[in-house]
Amino acid sequence: MTKKFLLSFLIAASINSVCFAAENNLRTLFNTNKTNICGINIRTFNAKDLNGNEIIDENETSGNFLNAVERLDEIKGLGINTLHVLPITPVGRLKALGTAGSVYAAENFWSINPQLVAKNSELTDIEQARRFIDECHKRGIRVIIDLPSCGSYDLFLTHPELFIKDEKRCSIVPTDWTDVRLLNTGKNGNLNQDVLNVHKKFIDLVLSIGADGLRADVATIKPSEFWKEIIKYTHHKDPEFMFLAEASDSWREPPSKYAEFTPYDKLLEAGFDGYYGSFFNLKDWNADEFMEHVKYNLKLLNSYKAPKSVIMSFTTHDEVSPILLHGEDFSIMISWLNATLPFNPYCIDGFFSGDSYLYPWANTPAEKSETDDYSYFVHRGKLDIFNFSRKPGGGNEKILENFKKANQFRADNLDLISSGNFAQHKTNNPKVFAFSRILKDEIILVIGNLDFKSPQNKISINDLNLKKDTKPEIIAGGDNLKIVRKNLHTDLNAGEIKVIKIKR
């Protein structure tokens, strides 16, 4: 290779590197609360269940990178602009859960799960994954790839040096995650370079397919210096690559006495752009507890020099379907809270159509299996991550209509929602929350009843200082509003949420 050709090659490579980094703006979008994220499992995302038995039989096609493209226009039409793709790494087959194995039981961290690859294509696995992400990008959809926190038992057998061992030299099973083993990341000041290098291989893999960000599963079980090293390594290649930590302010201890524990705030200090918060507790909160959590996050995220944000984790693959918890009204409430709170909306595939994630064959014997588990293991009411199951979907038109309407409202009022001031309003009822977003002369007022069994009447909000001739525009909920002496009065059905736009 001549010096002239080598120089040209290096310049071209440099330009391509810069262009790649410039195309990705996910960190900026996330930290300004402008992402709208949906979690998907490629294995089920567009599965072809032809006979309707909700399992993908031998003559049917499970979800893969190529047939996933068919649903991207639907996703864009729903107002979603970011996909969180559950793990795409190969799945362990030994001591497994489910007939396909948990997507979080990583057989390795440096290649693509063959279960996600279309068999009738001449494209390689990397090319198919890249095709899917390229098609996402064409539609303005960003892609976050999930990084499993642990390795499978299969990986332990082939690479025992990557794992923590107890006094008997046995691998460690964290808490009740029976299908995975705890990696040995080392401690601050003494990191395990083998595990660090494995994670750098994972970064190289997801960058090679064009991903825009990473969600770190149970990020708390790795030390802060480990994450600093990984984030620095990644940002050297793509400064806009976004890091989301699965961590919560309500998590207080590690899943095993052998595991490290890095709390959410230390993860943010280490370079993560955001975390989960504890919004999944809404199902159990009263109004004040909910509002205190919102204000807590606003204060926390504003305490860092670098921009940070949080996802509204009301519903994830780890949470029971809102339909089972409090019925369709809870899903509708979540959709409107996602649209109006000052953080990043998040949902899981099937939420927007009211999927209960109840499978008729759940936890029954199976005739065939790709693992050593011959039962259809599932978590009741949660998105299936263990088997070749049907495409998520519940067919609830009321939830779908509200989901679309809420996302469109958020898009039409994005400056107000992403930049407007947040204010809590006291009500005369502990089960009713009220807050507003204010920007210049516009107000978005949100009122919700967290009692999903009983209506709450004669709700009064006395600190709005409204004019007599104010004409509120009701965006969602019933129209039974009155303005009396500058105060707003209303009644709420069980589980009802009202969204009101006011011009001052």
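Residues numbered from 1 in each chain as written. Predicted model: local features only at pLDDT ≥ 70, side-chain atom pairs only at ≥ 80, totals over all residues. Heavy atoms only, no water.

Caption draft 1: View of the overall build of the chain. Looking only at helices and strands, the chain has 15 helices and 20 strands in total. Over its C-alpha atoms the chain spans a radius of gyration of 24 Å, differing by no more than 12% from the 23 Å that the globule rule assigns to 504 residues. With the C-alpha coordinates aligned to their principal axes, the bounding extent of the chain is approximately 80 × 60 × 50 Å. Here the chain holds 504 residues, and the buried ones make up 58% of them. Accessible area of the chain: about 21500 Å², with a carbon and sulfur share of 50%. When the 61 basic and 65 acidic side-chain charges of the chain are each reduced to a single mean position, those positions are 7 Å apart. (Helix = DSSP H or I, 4+ residues; strand = E, 2+ residues; numbered from the N terminus. Rg over C-alpha atoms; globule rule 2.2 N^0.38 Å. Buried < 20%, exposed > 50% of the residue type's maximum accessible area, 1.4 Å probe, protein only. Areas by Shrake-Rupley, 256 points an atom, 1.4 Å probe, with all protein chains shown as cover. Lys, Arg positive; Asp, Glu negative; His and termini not counted. Charge placed at Lys NZ, Arg CZ, Asp CG, Glu CD.)

Caption draft 2: Structural detail: unusual backbone geometry. In this model, Val 218 sits at a positive phi of 40 degrees, which is unusual for a non-glycine residue. Tracing the backbone through its elements, the reader meets Val 218 in the loop between strand E8 (213–216) and helix H9 (224–237). Residue Val 218 is classed as buried on the basis of its relative accessible area of 8%. The phi angle at Asn 363 is positive, at roughly 60 degrees, despite the residue not being glycine. Structurally, Asn 363 can be placed in the loop between strand E12 (344–348) and helix H14 (397–412). Under the relative-accessibility criterion, Asn 363 is labelled partly exposed at 45%.

Caption draft 3: Here's a closer look at the pattern of salt bridges. Counted by the stated rule, this structure contains 26 salt bridges. When the shortest N-O distance is used, the salt bridge between Arg 215 and Asp 146 registers 3.0 Å. Of this pair, Arg 215 sits in strand E8 while Asp 146 sits in strand E3 (residues 142–147), and the two are 69 residues apart along the sequence. Exposure class is identical for Arg 215 and Asp 146. Each is buried. For Glu 319, the salt bridge is made with Lys 283, and the minimal N-O distance between the two is 3.5 Å. Linking Glu 319 in the loop between strand E11 (309–312) and helix H12 (322–326) with Lys 283 in the loop between strand E10 (274–275) and helix H11 (287–301), this pair joins segments that are 36 residues apart in sequence. We classify Lys 283 as partly exposed; its relative accessible area is 24%. One network of salt bridges, with partners in common, ties together Asp 73, Glu 135, Lys 138 and Arg 139. (Salt bridge = Lys/Arg side-chain N within 4 Å of Asp/Glu carboxyl O.)

Caption draft 4: Highlighting the sheet that holds strand E19 (residues 487–492). Judged by pairing direction, the sheet is antiparallel, and its three strands sit side by side in the order E16-E19-E18 without closing on themselves. Whereas interior strands pair on both sides, the edge strands pair on one side only; in this sheet they are strand E16 (456–461) and strand E18 (481–484). Ignoring strand direction, the axes of neighbouring strands in this sheet form an average angle of 20 degrees. (Pairing = 2+ DSSP bridges. Axes fitted to C-alpha atoms, helices over the stretch in contact; angles between N-to-C directions.)

Caption draft 5: Spotlight on the nonpolar core. Counting 128 residues, the largest nonpolar core has Leu 83, Phe 132, Trp 227, Phe 290, Leu 337 and Phe 433 as its most contacted members. Those residues in contact with Leu 337, other than ones at most four positions away along the chain, are Leu 282, Phe 290, Met 312, Phe 314, Phe 433, Phe 435, Val 446 and Ile 497. (Core = buried A, V, L, I, M, F, W, Y, C linked by side-chain atoms within 4.5 Å. Contact = heavy atoms within 4.5 Å.)

Caption draft 6: Up close: the sheet that holds strand E15 (residues 442–449). Pairing is antiparallel across the open sheet formed by five strands, whose spatial order is E13-E14-E15-E20-E17. Strand pairing shows two members of the sheet lacking a second neighbour, strand E13 (421–424) and strand E17 (473–476), which therefore form its edges. Going across the sheet, the axis of each strand differs from the next one's by a mean of 20 degrees, ignoring polarity. Where E13 and strand E14 (residues 432–439) come together, four bridges link them in antiparallel fashion. Bridge assignment links Gln 424 to a residue of E14, and that residue is Phe 435.

Caption draft 7: Spatial organisation of the environment of Lys 405. Mapped onto the fold, Lys 405 is located in helix H14. On a C-alpha basis, the gap between Lys 405 and Ala 339 in space is 9.4 Å, while along the polypeptide they are 66 residues apart. Ignoring anything within four residues of it in the chain, the contact list for Lys 405 reads Trp 336 and Ile 475.

Caption draft 8: Molecular detail of the packing of helix H13 (residues 328–340) against H14. Look at H13 against H14: their axes get within 8 Å of each other, and the N-to-C directions meet at 10 degrees. By the angle between their directions, the pair H13 and H14 is classed as roughly parallel. Each of Glu 328, Asp 329, Ser 331, Ile 332, Ser 335, Trp 336, Asn 338, Ala 339 and Thr 340 in H13 lies in contact with H14, whose residues at this interface are Lys 398, Ile 399, Asn 402, Phe 403, Lys 405, Ala 406, Phe 409 and Arg 410. Looking at the contact of H13 with H14 residue by residue, the classes come out as seven nonpolar, five polar and five charged. (Parallel < 35°, antiparallel > 145°, perpendicular 65-115°, else oblique. Nonpolar A, V, L, I, M, F, W, Y, C, P; charged D, E, K, R; others polar.)

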